[in-house]
Amino acid sequence: MDSWRPNPRAPPFVPRRSSLRRMGVGVGGSSSSSAGGFGSYHRHLPLLPRGRRLAKLLQGLLMLVLVATIAINVTFIVEKTRQLREPLVAAGSESDVGGAGVGRRNNLRLQESPPKTLTVDVVSSQTRVSVTVDGATIVEDSEERKGRGIHVLVLHQASGAVMAQRVFDTYSPHEDEAMTLFLNMVSPGRILVLAIKDEGTFQMKNGGRDALRRLGSTHAHELGWRDMWAMVAVKGGRVYGEQLAHSPDFNTWGSAVMLRAEVPLVPFEESDCGWPDTEEHRRRREFCSHIEGYGSVCSCSDPAPLAFTTEPLLNNQVHDVPVAIIASNRPHYLYRSLRSLLAAPGVNPDMITVFIDGYYEEPLAVTKLFGLRGIQHTPLGVRNARITQHYKASLTATFNIFPAARYAIILEEDLDVSPDFFSYFSQTLRLLEEDPTVYCVSAWNDQGYEHTSSDPALLYRVETMPGLGWILKRSLYKDELESKWPTPEKMWDWDMWMRLGEVRRGRECIVPDVSRTYHFGSSGLNMNSYFQDTYFKKHSFNTLPYVELRDLDTLKKDAYEELITGMLRRGTVLDHSRSPCEDTFIPDTTGHTYLLFIHMEHHKDYSTWLQVAKCLRIWDLDSRGYHHGMWRLNMKSNPLLIIGVPFSQYSKFKPPDLKPLRMEAKDKGKDQGKPKEKNISQR
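Residues numbered from 1 in each chain as written. Predicted model: local features only at pLDDT ≥ 70, side-chain atom pairs only at ≥ 80, totals over all residues. Heavy atoms only, no water.

(A) View of the overall build of the protein. Summing up its helical and strand segments, the protein has 16 helices and 23 strands in all. Taken over 683 residues, the protein has a buried fraction of 51%. Considering only contacts in the protein between residues 6 or more positions apart, those separated by 24 or more positions represent 72%. Accessible surface, the protein as shown: approximately 33900 Å² in total, 54% of it carbon and sulfur. (Helix = DSSP H or I, 4+ residues; strand = E, 2+ residues; numbered from the N terminus. Buried < 20%, exposed > 50% of the residue type's maximum accessible area, 1.4 Å probe, protein only. Contact = heavy atoms within 4.5 Å. Areas by Shrake-Rupley, 256 points an atom, 1.4 Å probe, with all protein chains shown as cover.)

Okay, here's the thing in structure tokens:
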């Protein structure tokens, strides 16, 4: 070995394991027992530790479990898909159940696998109405002294989703008319659920009963005082359940009705219309797929337009003036108001914003239907204070959205606007700049009834801020009103606050003889059908497309005083021995100015005026529409000036020997049922 030298050029020796194993010999050709043999080589191979071998085994087992789980899931999904397709295919081959959904397709997917039927449970009783659909409670009204009348629920005929929910207090006047209108506006094929709570027939006239009969009711014309009743039907289709429980006597309610109905659902593809794929129809499809009760706007065959072509308004001074719509949760009112506004010549949709007091879905959907901007506010305060705070938030947001705007037009969701609405403001806007004594310009005349106003070109100055469609100067709001606005804990009406002397500071508003807005809302915090019928329904409303306003410069402070003085000098004093309640108190002439002097000791002494207003059938709940203690009306196309003596500065025009008319309320209890609008100074 001493003579051995390594050969660096020799290739390394690599044993062939398989050959050695078969030969049973070592590396050097010896037997397996020799030191250099195969047995020695095998014994020195590196072996995995026992822990690692166990880990490898567990990994293998886990992999097998994972593969098996995936295979089971895939098999389950395939089988479930096959099962779900079978009922849909079968339903598609059946005829349209109850005539529902004629001419409609649907992309709506409110449920992955809608059931073939809906189970609808309805309860109608004196103190409770409830509707449960497939075990889910949709309506639950058991609150005392609320929810009286007929509850109506509209469900989607393919998914069962709730599309509309209304309560019509058919114990009160005109609510049956509202219910009839709503039912007529529901699209054919929708599922309708109706139920009475407490009493629902006292003011139900034949028109309302006929509407129920057209839905398939067999009991509509026998519904009586305090009867309990429920019905489930498809509009234009069949009735799936109806139940009636008669009241046994006048002082007792009928027993509770508990109705269950199984209503078949229609295939999705039959529940939506095939409107063209345009931007307008995409908005329509989005709206009509989950909102109901808007009539032709969702018609498959003849949908109402959502875009309006209006005549351009020459020299439009209000084209870039923002319009703020003050809204709450009265979506049908908002829909009507927006259609009226968007049809008025001079409208600029980009400047319109609808401010919604609360996070209500339907008013926002109506706003988006017309492609308008909608903003929802978090409610702050309660009742009147909540409305006041909503106004402030809306006005502040309007001027923030449009930082360059010098004015803003404010409307409410229950107002129609005249065809010359924007023309009216375009012509009067300059008065806000040219006369610092002008507080606002309003489209509404508090005393402008059909029998007290007739000249659409005539304007007045009044000390009270009318609201109901008015234009506000930015500087007035930002510099004065915003920082002093009533706080949420004060139960003040915003408009009554704006009429306060310390807020108004001697300034006046411009109003038309014939109003440019019409108040149609009969429900609200301070509104009901009686109030609407008595004080708003017969207001005059201009319908002419363009009116050139007359003598605008005479509305400036000094010129207006000259105008009124001239009318007083040439006016004819009425016969003060007669009652203003007589129909012939105002002579049957045209264009003659008449004067009436009434007793009025001080600026809050309205006792005689309110009685005169009652006789004249105008606003008589508080004093409005006056100018320095003088009211200006247009009776039988004759100017009538009513002057409060001795308070008014125009008292000097009273003939010396004339005794002012004095009237007192004869029976204060007679009007106790009327809604009263309080003055905030009395709170």
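Read on for the rest.
(B) Molecular detail of the packing of helix α6 (residues 279–288) against helix α8 (residues 361–369). Where α6 contacts α8, the axes come no closer than 9 Å and their chain directions differ by 165 degrees. Our classification of the angle between α6 and α8 gives roughly antiparallel. The hand of the α6/α8 crossing is left-handed. Two secondary-structure elements touch here, α6 through Arg-283, Arg-284 and Phe-287 and α8 through Ala-365, Val-366, Lys-368 and Leu-369. Considered class by class, the residues forming the contact of α6 with α8 number four nonpolar, no polar and three charged. (Axes fitted to C-alpha atoms, helices over the stretch in contact; angles between N-to-C directions. Parallel < 35°, antiparallel > 145°, perpendicular 65-115°, else oblique. Left-handed = near helix turned anticlockwise from the far one by under 90°. Nonpolar A, V, L, I, M, F, W, Y, C, P; charged D, E, K, R; others polar.)

(C) Representation of helix α10 (residues 421–434) in the model. By the largest-angle criterion, Gln-427 marks the main kink of α10, which is about 35 degrees. α10 sits mainly inside the fold: 11 of its 14 residues count as buried. Taken together, the buried positions of α10 are occupied by Phe-421, Phe-422, Ser-423, Tyr-424, Phe-425, Ser-426, Gln-427, Thr-428, Leu-429, Leu-431 and Leu-432. (Bend = angle between axes of the 7 residues up to and from the residue.)

(D) How the structure looks around the pattern of salt bridges. Tallied over the entire structure, the rule returns 39 salt bridges. Glu-279 serves as the salt-bridge partner of Arg-283, at 2.9 Å between the closest nitrogen and oxygen. Here Arg-283 pairs with Glu-279, and both are found in helix α6, just four residues apart, close to one helical turn. Exposure remark for Glu-279: the relative accessible area of 45% places this residue in the partly exposed category. Asp-435 is the salt-bridge partner of Arg-461, the closest N and O atoms lying 3.0 Å from each other. Here Asp-435 lies in the loop between α10 and β15 (438–442) and Arg-461 lies in strand β16 (residues 459–462), a separation of 26 residues in the sequence. (Salt bridge = Lys/Arg side-chain N within 4 Å of Asp/Glu carboxyl O.)

(E) Region of interest: the sheet that holds strand β7 (residues 228–234). Taken in spatial order, the five strands of this open sheet run β5-β4-β6-β7-β8, and their pairing is antiparallel. For this open sheet the edge positions go to β5 (162–168) and β8 (239–245), each flanked by a neighbour on one side alone. Sheet twist, expressed as the mean angle between neighbouring strand axes with direction ignored, is 10 degrees. Pairing of β7 with β8 involves six bridges; the strand directions are antiparallel. Residue Ala-230 lies in a different strand from β8, and its bridge partner there is Gln-243. (Pairing = 2+ DSSP bridges.)

(F) Focus on a nonpolar patch on the surface. A grouping of Leu-54, Leu-57, Leu-58, Leu-61 and Leu-64 is seen on the molecular surface, where their side chains present a nonpolar patch of about 520 Å² in accessible area. With respect to the helices and strands, Leu-57 occurs in helix α3 (residues 50–93). Assessed through its relative accessible area of 52%, Leu-57 is described here as exposed. (Patch = residues over 30% accessible without salt bridge, like charges linked within 9 Å, V, L, I, M, F, W, Y side chains within 5 Å.)

(G) Just the pairing of β16, in detail. Burial along β16 is two-sided: Leu-459 and Arg-461 and Tyr-460 and Val-462, pointing in opposite directions, are all buried. Here β16 runs beside strand β18 (residues 508–512); their pairing, made up of four bridges, is antiparallel. Looking across to β18, one finds that Arg-461 is bridged to Ile-510.

(H) Quick peek at unusual backbone geometry. Note that the residue after Val-645, namely Pro-646, is joined by a cis bond; omega there is 10 degrees. Within the secondary structure, Pro-646 is located in strand β23 (residues 638–646). Residues other than glycine seldom take positive phi values, yet Leu-468 does so here, at roughly 55 degrees. Summarising the element assignment, Leu-468 is placed in the loop between β16 and β17 (470–473).

(I) Just the nonpolar core, in detail. Residues Phe-287, Phe-422, Leu-481 and Ile-642 are the most contacted members of the largest nonpolar core, which totals 122 residues. No other element matches the seven residues that α10 contributes to this core. Apart from residues lying up to four places away in sequence, Phe-287 is in contact with Tyr-294, Val-297, Cys-298, Ala-365, Val-366 and Leu-369. In terms of nonpolar packing, the next biggest core, distinct from the first, is built from 46 residues, Ile-191, Leu-192, Leu-215 and Ala-230 among them. (Core = buried A, V, L, I, M, F, W, Y, C linked by side-chain atoms within 4.5 Å.)

(J) Highlighting the environment of Lys-538. Secondary-structure assignment places Lys-538 in the loop between α14 (529–535) and α15 (557–570). Distance from Lys-538 to Glu-450, taken between C-alpha atoms, is 6.0 Å for residues 88 residues apart in sequence. Excluding anything up to four places from it in sequence, Lys-538 contacts Tyr-449 and Glu-450.

(K) Quick look at the packing of aromatic side chains. What the rule picks out here adds up to 25 aromatic pairs. Between Tyr-335 and Phe-370 the ring centres are 5.6 Å apart and the planes differ by 35 degrees, which places this aromatic pair in the tilted class. Of this pair, Tyr-335 sits in helix α7 (residues 331–342) while Phe-370 sits in the loop between α8 and β12 (373–377), placing them 35 residues apart in sequence. Among the aromatic residues, those joined into a cluster by ring pairs are Phe-287, Tyr-294, Phe-308, Tyr-335 and Phe-370. Directly above the aromatic system of Trp-253 lies the positively charged group of Arg-226, at a separation of 3.8 Å from the ring centroid. Above the face of the Phe-520 ring, Arg-336 is positioned so that its terminal group lies 3.9 Å from the ring centre. (Phe/Tyr/Trp six-rings, centres within 6.5 Å; stacked < 30°, edge-to-face > 60°. Lys NZ or Arg CZ within 6 Å of the ring centre and 35° of its normal.)

(L) Highlighting the pairing of strand β3 (residues 136–141). Alignment of strand β2 (residues 129–133) against β3, held across five bridges, turns out to be antiparallel. Within β3, the residue paired with Thr-132 across the bridge is Thr-137. In this antiparallel pair of consecutive strands, β2 and β3, the connection spans two residues, and Asp-134 shows a positive phi of 50 degrees.

(M) Quick peek at the state of the cysteines. For the structure shown, the criterion picks out four disulfides. Note that Cys-440 is cross-linked by a disulfide to Cys-509, the S-S spacing being 2.2 Å. With the S-S bond torsion at 115 degrees, the cross-link from Cys-440 to Cys-509 turns out right-handed. Taken together, the residues Cys-440 in strand β15 and Cys-509 in strand β18 connect sequence positions 69 residues apart. By the burial criterion, Cys-440 is buried, and Cys-509 matches it. Cysteines bonded in the protein are numbered consecutively along the chain; their disulfide partners then correspond to 1-4, 2-3, 5-6, 7-8. (Disulfide = S-S within 2.5 Å.)

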